[in-house]
Amino acid sequence: GPAFTKKCAEWFSELDADKNGVLSSDELTPVIEHFLQDEDIAVTPAHVAEFTQVFDADGDGKLSLAGYTKARGHYIAVLDISGLEGNRQRHTEW
């Protein structure tokens, strides 16, 4: 809904260090590390590229606000479906 979209825009703005309106691989790495914080996985550039490819609408290797919002929504849906709702509260940043 609108509140989720607004929150995603706030998070996106925080992550977009160079304020160019897209998230580069360097800016996305902490997001992916956050998403995987409960896993024993060292995030590599290949992970970032693969993640970006899934949500990158125009294929430029960067994530727009729309792509970021879609990724966040997908992540929350996965938490809900997998019965990890208890972890959802902890994942309400970025």
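Parameters and conventions
- Residues numbered from 1 in each chain as written.
- Predicted model: local features only at pLDDT ≥ 70, side-chain atom pairs only at ≥ 80, totals over all residues.
- Heavy atoms only, no water.
- Helix = DSSP H or I, 4+ residues; strand = E, 2+ residues; numbered from the N terminus.
- Salt bridge = Lys/Arg side-chain N within 4 Å of Asp/Glu carboxyl O.
- Buried < 20%, exposed > 50% of the residue type's maximum accessible area, 1.4 Å probe, protein only.

Caption draft 1: Local environment of the environment of lysine 6. Mapped onto the fold, lysine 6 is located in helix α1 (residues 2–15). On a C-alpha basis, the gap between lysine 6 and threonine 69 in space is 9.5 Å, while along the polypeptide they are 63 residues apart.

Caption draft 2: Spotlight on the pattern of salt bridges. Per the stated rule, a full pass over the model turns up one salt bridge. Here lysine 7 ties to glutamate 10 by a salt bridge, and the two come within 3.3 Å at their closest N and O atoms. Here lysine 7 pairs with glutamate 10, and both are found in helix α1, just three residues apart, close to one helical turn. Of the residues examined, lysine 7 reaches a relative accessible area of 35% and is grouped as partly exposed.

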